[in-house]
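Understanding the architecture of this molecule
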2 protein chains.
Amino acid sequence: MQRYFLDNNEDFIVGEDYFHIKQVMRMKPQDEIEVCKKDGCYLVQISEISDKVYFHIIKPLNANQPLIHITLIQGLGKSDKQEIVCKYATQFGVSEIIFVPMQRSIAKYDDKSIDKKMDRLKKIALEAARLAHRDEVPEVTYLEDIKKIKNNFDHRFIAYENTKETTFLDKVLKLRHHERIALVIGPEGGIDEKELSYLKTQGFTTVGLGNRVLQTEIASLYALSVIDAFMQTINS
Amino acid sequence: MQRYFLDNNEDFIVGEDYFHIKQVMRMKPQDEIEVCKKDGCYLVQISEISDKVYFHIIKPLNANQPLIHITLIQGLGKSDKQEIVCKYATQFGVSEIIFVPMQRSIAKYDDKSIDKKMDRLKKIALEAARLAHRDEVPEVTYLEDIKKIKNNFDHRFIAYENTKETTFLDKVLKLRHHERIALVIGPEGGIDEKELSYLKTQGFTTVGLGNRVLQTEIASLYALSVIDAFMQTINS
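Definitions and cut-offs
- Residues numbered from 1 in each chain as written.
- Chains lettered and ligands numbered in written order.
- Predicted model: local features only at pLDDT ≥ 70, side-chain atom pairs only at ≥ 80, totals over all residues.
- Heavy atoms only, no water.
- Helix = DSSP H or I, 4+ residues; strand = E, 2+ residues; numbered from the N terminus.
- Buried < 20%, exposed > 50% of the residue type's maximum accessible area, 1.4 Å probe, protein only.
- Contact = heavy atoms within 4.5 Å.
- Lys, Arg positive; Asp, Glu negative; His and termini not counted.
- Charge placed at Lys NZ, Arg CZ, Asp CG, Glu CD.
- Domains from an automatic or database assignment.
- Buried area = accessible area lost by both parts, 1.4 Å probe.
- Salt bridge = Lys/Arg side-chain N within 4 Å of Asp/Glu carboxyl O.
- Disulfide = S-S within 2.5 Å.
- Least-squares fit on C-alpha atoms with pLDDT ≥ 70 in both.
- Pairing = 2+ DSSP bridges.

This paragraph deals with the overall build of chain A. Summing up its helical and strand segments, chain A has six helices and eleven strands in all. Here the C-alpha coordinates of chain A stretch approximately 60 × 45 × 30 Å along the principal axes. The buried share of chain A, taken over its 236 residues, is 53%. When contacts within chain A are restricted to residue pairs at least 6 apart in sequence, long-range pairs at least 24 apart make up 74% of them. A distance of 4 Å separates the average location of the 33 positive side-chain charges in chain A from that of its 35 negative side-chain charges.

Right, dumping it as C-alpha cells:
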C-alpha cells in the first residue's frame, strides 16, 4: 500500500504526491492509499482525481511511532554514505539525524551546496519512512560544528571500538519509553581524541557495538536494533 | 592494518593477495600485516617480497570468532540486493549465507550464471570480513530450493511482519553460545503462504523484527544485532 505524508490536515493531495498518484501510480477513484496527516495516519479511499486528489477516510491506522526518541549524530562520511544512513537508519526507527563534519571527515560540504544536499537527504528519509510504514519522517539537518549540538538528551552514547566499557545491552536495559537518546557515530577514520574528550565533558559515554569493526554508514543500525528490540519488550 | 585470509598454514602469500600487497599496497619488507591462517589470525612482519610474500609471526591476535553460528537463508532479491546482504551481514557477524530463489523472487539465476555470481558474492563477503576484522569469512552458497536446506539447527526463525508472536528479544534470551541458528528472510514480496507452511513443518517459527517494514537486504541486520548484543552479555 502506498503511503503519502501531508503537511496539513486537509482531505486532498496536491504537489509532487498528486503527480505521483496520478501519473506514476496511475490510480483511479475507489483505489485505496495510506495518508499520514499532521494528526495521524489513515487508510483512505480516493474519491476524485481532478485538479487535486480528493479522498475520504476509511479508518485510522494503528499508531506506529517510535517508543523512544533517538538522535543520530553522524560524522560526515564520503560521497554516498549519507544517503545510506538516511535510507537505512530511517527504516530502523531513528527520529532525527544530524550530519556533522568531524575532525577525520574526508568530505566537507561547502556552504553553497549544503541546502541542496540536505534537500536530497530529506527526500531519501521521506521515501524510506514511506517504505517502512512509519508515521513520521525523521528530521534531517546539518550542523557545522559538534559543539553546537543542543544537549537536551536523557542518555548520550558514542560508538567507539576501543572501549572497555560494559556491554551495550547493559546500557540499553536502563532506557525507558519516550526518553531522548543521542548516539554519535564517527566518520570513516573514527572519532578524534579531542572530540572524544569534548563529548565526555558533555556527559557522553563510549559504548562498543559488538566486537567487529562496522562501517560508519551502518554502525547506527546495530544500536537502533538493540534499543528497539528492548523497547518492544518493555511495551509488551 | 590490512588483513589477508590464507587457505593454508604456510608462512608465505601467493596469488591475488601477493599482487595486492606488492602492487596495490606497495608494501616493503619490515611492513606489518594481519594474516588469518587456517589455525588462527596473527600479526606478522613481511620478511621478503620476491616470487612470494614471505613473513614471520610477531604474535597471535585475539580470537574474534562469532559466539553463535547464524545461517541466513535469504530469499533471492533484485539485482544488487545480494551484494548488500553479503557486505553488511558479514560485518554484523553472520556465519553462513544461503541464497534461495523463493516463490515471490523476481530475479532468478539461470544455471549458467550461478557460479560466476556466487564467486562475486564470495569476494564481497571476503572483503567485508577483512574490513570488519573478522577471523573467518562467512560461507556463501546458492541453493535452488528451500526444501533442500539441511535442517541441522538448534533454533529456526522466519522474519515475518504479520506475526502475532512474542517479541524477538524474548526468543533471543533463550539462545546460548555455540548454538546453530537459522534465520529466513523473504525476498521483496515477502514469504509465500505455502513456503511458510512448509517451513513451519520443519520446526521454523515466525518472529517480528520490530514494527516497521524493513527492506529484504537489511532485515537480517536487526536480528544479527540483537543476537550479538545478547551473546556479548552472557559472555561477560
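From this point on, the discussion continues.
All names here are of chain A. By the assigned domains, chain A splits into domain 1 (3-60) and domain 2 (69-235). Distance from the C-alpha centre of domain 1 to the C-alpha centre of domain 2: 32 Å. Across the contact, nine residues belong to domain 1 and nine residues belong to domain 2. Buried surface at the junction of domain 1 and domain 2, both sides included, amounts to about 650 Å², of which 52% is carbon and sulfur. The interface formed by domain 1 and domain 2 holds three salt bridges in total. Elements with a minimum of two residues in the side of domain 1 that touches domain 2: β1 (3-5), α1 (15-24) and β3 (32-37).

Our next topic: the state of the cysteines. Residues and elements named next belong to chain A. Enumeration over the complete set of coordinates arrives at two disulfides over all chains. Two residues share a disulfide in this structure: Cys36 and Cys41, whose sulfurs sit 2.0 Å from each other. Because the sign of the S-S torsion sets the handedness, a value of about 105 degrees for the bond joining Cys36 and Cys41 places this disulfide among the right-handed ones. The class for Cys36 is buried, based on a relative accessible area of 1%. No disulfide involves Cys86; its nearest neighbouring cysteine sulfur is the one of Cys36, lying 19 Å away.

Between chain B and chain A, which share one sequence, the superposing operator has a rotation angle of 179 degrees and an axial displacement of 0.1 Å; the RMSD is 0.1 Å. Here the copies are linked by what is in effect a two-fold axis. Identified as the residue of chain B closest to the rotation axis by C-alpha distance is Val226 of chain B, at 2.5 Å. Interface overlap between copies is the fraction of interface residues in one copy that are interface residues in the other; for chain B against chain A it reaches 100%, indicating a shared surface.

To continue, consider the sheet that holds strand β1 (residues 3-5) of chain B. Residue and element names in this part refer to chain B. The strand order β1-β3-β4-β5-β2 describes an open sheet built from five strands, whose pairing is mixed. The sheet is open, and its two edges are formed by β1 and β2 (12-13), each paired on a single side. Two strands pair when backbone bridges link them, and strand β4 (residues 40-49) and strand β5 (residues 53-60) are joined in this way by seven bridges, in the antiparallel orientation. Residue pairing for β5: Leu43 is matched across the bridge by Lys59.

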